[in-house]
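Here is what each chain is made of, one letter per residue.
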Amino acid sequence: MDQNRRLRDMAKGWLTVLMMLGLALPGGAVARERCTWPEAMPVRALVLVGEVHGTVETPALVGQLACAASADGTAVTVALEISAREQARLDAYLASAGTPAARAALLAGAFWTRSTQDGRSSTAMLALLERLRRLHADGRRIAVIAVDDERAGTRDMDMAEHITRAVHAGGRVIALLGNVHASQRLGRPNLPDYAPAGYLLRTLAPLGVRMGARGGEAWVCAPTCGVRAVGDQRVGDGPIGYAAGDRAQSGYDGSYTVSLYTASLPAVGLDRQTAGQSPALR
């Protein structure tokens, strides 16, 4: 990919994020969202979305699902693979007016400022939280829970327990996890007994959706962090959008494919006053 095309693609991604944050709307105006559930995607009380961390597209899909699911007054809980220690900050931001001070208070948490910033603390994740805040302010019954207790050896069990409690509380739950954690298949290469959160949640009959793309870029930490090209991430032969799959083989009920992934950089940069901005906009 030549440099000009790469810059154009990244600009499109950042424009999407800025629009989701409301920063590209004249006068800060906010329009009431109208969104629909993706065509052909089944409706379940629990949806597990598995992602490659560090893209614009997956948090945007989760925002769309939350918007569509809550449109009729149904209570919706969005579960995120964020440190559970951030719960109070998430609650405060959801209840706030989304002012710069409120955003700064959210981003002051240790999760957003840790030394290794993977895609779970990206600008796209901040945009998702802002979208959920706006839905909540518009009267939607939206809640956000942080499900990662960060305990070595029990992370998947802890995530599953948080999500199970949310499901039992009623309404619908949409969980965004890394695609290893969201899988409903037992085991992985060299770890045949590994039980991901999705597998532990299987008795709740979740809909497992794995995000895929035909290429693009993501902010990846493996082990150092940076924008990296990703190859074809499609998990099936379906078209753009949702397509059913073989859960026994893939660990997912289906896939949601987009044309290209757009990398989403950390929401907090080296200069704290530029938090939530693209480097190109600083």
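Attention in this report is confined to the structure presented alongside it. (Residues numbered from 1 in each chain as written. Predicted model: local features only at pLDDT ≥ 70, side-chain atom pairs only at ≥ 80, totals over all residues. Heavy atoms only, no water.)

A closer look at the overall build of the protein chain
Next, step 1: A tally of helices and strands in the protein chain yields nine helices and nine strands.
Next, step 2: Sequence separation of at least 24 residues holds for 71% of the intrachain contacts in the protein chain that already meet a minimum separation of 6.
Next, step 3: With an accessible surface of roughly 13,100 Å², the protein chain has 53% of that area assigned to carbon and sulfur atoms. (Helix = DSSP H or I, 4+ residues; strand = E, 2+ residues; numbered from the N terminus. Contact = heavy atoms within 4.5 Å. Areas by Shrake-Rupley, 256 points an atom, 1.4 Å probe, with all protein chains shown as cover.)

Examining the environment of Trp 37
Next, step 1: Locating Trp 37 in the fold gives a position in the loop between helix H1 (3-21) and strand S1 (46-51).
Next, step 2: Overall, Trp 37 belongs to the buried group, its relative accessible area being 17%.
Next, step 3: Here the alpha-carbon distance between Trp 37 and Ala 66, two residues 29 residues apart in the chain, equals 9.0 Å.
Next, step 4: Those residues in contact with Trp 37 that sit more than four places away from it in its chain are Pro 42, Val 43, Val 47, Leu 65, Ala 68, Ala 69 and Arg 172.
Next, step 5: A polar contact of 3.0 Å, which involves the side chain of Trp 37, links it to the backbone oxygen of Met 41.
Next, step 6: Only 3.3 Å separates the side chain of Trp 37 from the backbone oxygen of Pro 42, close enough to count as a polar contact. (Buried < 20%, exposed > 50% of the residue type's maximum accessible area, 1.4 Å probe, protein only. Polar contact = N/O pair within 3.5 Å; in protein donor to acceptor, adjacent residues only side chain to side chain.)

Notes on the packing of aromatic side chains
Next, step 1: A complete count under the given rule lists one aromatic pair for this structure.
Next, step 2: For Arg 172, the ring lying beneath its charged end belongs to Trp 37, and the centroid distance is 4.7 Å. (Phe/Tyr/Trp six-rings, centres within 6.5 Å; stacked < 30°, edge-to-face > 60°. Lys NZ or Arg CZ within 6 Å of the ring centre and 35° of its normal.)

Limitation: the analysis is restricted to geometry and does not speak to function.
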